[in-house]
Amino acid sequence: STNLFDGYKKRSGLIADVPAAILSNEVEFPLIGLGVGNLQSNRVENMIYEGLKGENRIRLFDTSQVAGVDSEIIQGIKSGTKRFKEAESIDDRVQVHLVTKIRHTYLGYERTKFAVKSILQTYSPVLKDSNIDFRIHFLIHHPRCTKGIDGMDCEKDEDELPGKVKRVGPAPHLGDGDAWKESWRALEDLYSSDDYPAISSIGVSNFSVEELDELLGLSRVKPHLVQISISSLIEDAEFANKCKAHDIHIQVFNVMERIVKRAPGTPRAFKTVMLTGDTLSNGKNAVSPGQTILKWLTQNGISIIPRTRDLDHLSENGVGALARLSDISSNANIVLQKAVEAIHMGLDLNEDPRVQMSFYASEGDIFLYAYKKNTADQTYVAYVGKGDSVEIWTNPNDTFRVYDAYNPKLFKDYVLLEHDGDDHRIVVGTL
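Below: a short report on this structure.

Rules behind the numbers
Residues numbered from 1 in each chain as written. Predicted model: local features only at pLDDT ≥ 70, side-chain atom pairs only at ≥ 80, totals over all residues. Heavy atoms only, no water. Axes fitted to C-alpha atoms, helices over the stretch in contact; angles between N-to-C directions. Helix = DSSP H or I, 4+ residues; strand = E, 2+ residues; numbered from the N terminus. Parallel < 35°, antiparallel > 145°, perpendicular 65-115°, else oblique. Left-handed = near helix turned anticlockwise from the far one by under 90°. Contact = heavy atoms within 4.5 Å. Nonpolar A, V, L, I, M, F, W, Y, C, P; charged D, E, K, R; others polar. Phe/Tyr/Trp six-rings, centres within 6.5 Å; stacked < 30°, edge-to-face > 60°. Buried < 20%, exposed > 50% of the residue type's maximum accessible area, 1.4 Å probe, protein only. Pairing = 2+ DSSP bridges. Salt bridge = Lys/Arg side-chain N within 4 Å of Asp/Glu carboxyl O.

Things to note about the packing of helix H7 (residues 179-192) against helix H8 (residues 209-218)
One way to put it is that H7 packs onto H8 with a least axis distance of 11 Å and a crossing angle of 45°. In this view, H7 runs oblique relative to H8, as classed from their interaxial angle. Considering the relative orientation of H7 and H8, their crossing is right-handed. In this structure, H7 contributes Trp180, Lys181 and Trp184 to the contact, and H8 contributes Glu211, Glu214, Leu215 and Leu218. Grouping the amino acids of the contact of H7 with H8 by side-chain chemistry returns four nonpolar, no polar and three charged.

Structural notes on the packing of aromatic side chains
Taken as a whole and assessed by the stated rule, the structure comprises nine aromatic pairs. Measuring from centroid to centroid gives 5.3 Å for Phe367 and Tyr383, while their planes differ by 55°, and the two rings are tilted. Taken together, the residues span a long stretch of sequence, with Phe367 in strand S12 (residues 366-371) and Tyr383 in strand S13 (residues 378-384) at a distance of 16 residues. Its relative accessible area of 27% is what places Phe367 among the partly exposed residues. Taking the centre distance of 5.6 Å and the plane angle of 85° together, the rings of Tyr369 and Tyr403 count as edge-to-face. Highlighted residues: Tyr369 in strand S12 and Tyr403 in strand S15 (residues 399-404), separated in sequence by 34 residues. On the basis of relative accessible area, Tyr403 is assigned to the buried category, the value being 12%. Among the aromatic residues, ring-to-ring pairing joins Phe367, Tyr369, Tyr380, Tyr383, Tyr403 and Phe411 into one connected group.

As for the sheet that holds strand S11 (residues 355-361)
Backbone-to-backbone hydrogen bonds pair the strands of a sheet. The strands run either parallel or antiparallel. Spatially, the three strands line up as an open sheet ordered S14-S11-S17, and their pairing is mixed. Two strands in the sheet have a free side with no partner beyond their single neighbour: strand S14 (389-394) and strand S17 (425-428). Between one strand axis and the next, the sheet turns through 20° on average, direction left out of account.

Concerning unusual backbone geometry
With a phi close to 75°, Glu26 is a non-glycine residue in the positive phi region. Position of Glu26 relative to the elements: it lies in the loop between strand S1 (20-22) and strand S2 (28-30). Relative accessible area serves as the criterion here: at 61%, Glu26 is assigned to the exposed category. A positive phi angle is found at Asp247, which is not glycine, with a value near 55°. Position of Asp247 among the secondary structure elements: in the loop between helix H10 (237-245) and strand S9 (249-253).

Quick notes on the pattern of salt bridges
Counted according to the given criterion, the structure contains 19 salt bridges. Between Glu188 and Arg220 there is a salt bridge; the shortest N-O distance is 3.1 Å. Residue Glu188 is located in helix H7, and its partner Arg220 is located in the loop between H8 and strand S8 (225-229); the two are separated by 32 residues in the primary sequence. Owing to a relative accessible area of 55%, Arg220 belongs among the exposed residues under this scheme. With a closest N to O distance of 2.8 Å, Asp189 and Arg220 form a salt bridge. Of this pair, Asp189 sits in helix H7 while Arg220 sits in the loop between H8 and S8, and the two are 31 residues apart along the sequence.

Details of the pairing of S8
Counting buried residues in S8 gives five out of five residues, a clear majority hidden from the surface. Here S8 shows two buried faces, one formed by Leu225, Gln227 and Ser229 and the other by Val226 and Ile228. Here strand S7 (residues 199-205) pairs with S8 via three bridges, running parallel. Directly across from Val204, in S8, lies its bridge partner Val226. Summarising the sheet, S8 and S9 pair through five bridges and their orientation is parallel. Residue pairing for S9: Gln227 is matched across the bridge by Gln251.

Here it is, written out as structure tokens:
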């Protein structure tokens, strides 16, 4: 992770690291954002204001041209950053990122240039605000207008456009479906121009692997960012691998709708998510299934933009809450991926991939820690008094370190091997 606040004044840890990816153009891009484009317009300003607070530390917001909530976003960013700076006594500008997407009716070279320039003009109150270091990321929302996609009506959408837009360029839905190629050329030109420094990156959304291939073949500037649904990430390994090969960052949406809300329908997979969450809490607050899955994605370098209209959920899924969670072990990471795939497909795991272990303190009091050999990190699990035992759920090949409760120099490591069978009771004798 990197820090968006290098050089900022820090008080009481309120501005700790904001987890970020480094895009292929060296731009720092927050891994955890907030989707506001689909919220009711009267909720947008307050959700952004609350998201910018020190305890939530949301520094990226996602919207689209079609959402029509730009004025509310502007007010939320301006009021939220002002309050944040006052509350934290920060002198420098606060960095805020916005991802927005060009609507299908603005495909084509001239129409896309018109759209981008109009959006930049709309956000001039933020761009000119001395409190804010504002970064905009422009994506092509869809490669073309497609009948059957919710919210798309090709002829109606075109008819409702202002006359000045229609005069800028031809109607994209009447062409051969390749107007997105000219849109990409427009984004490349605008991004490469010194006249638009606020454009931090360009990318695409809802593209297939074939369309991404075609884009990579014709582009002068490769996409820095792609936005896809969590379903596409899970179902299309070729797409994800291609993004990795070309250093294209992935941002996913629909995590809550496609995974978290479906989880109870696959009880064994859901149990795996819950038990993994138990290991992330550091013995403090309970970790929700949503937090566990969001942590899993961000730990694997995938950006997230959960949307909510609930302030409790905003805090639960914000940077502050997720940053307090322990890292997921490499073994648990593999198991959790299988569980998420099972939930998404609606096909439950054949068996619980996790196993239950018990540690019995036969000779003296002990402390039990989960131990990561590669980093030497330890996470406290339990204190076990002499004659007592503790049961925990874990993954094959996980390592545990047992300490003498009164002499930390005395310890022993235990590894659960996959071939250990059903006997997972460990008797801890003299260390």
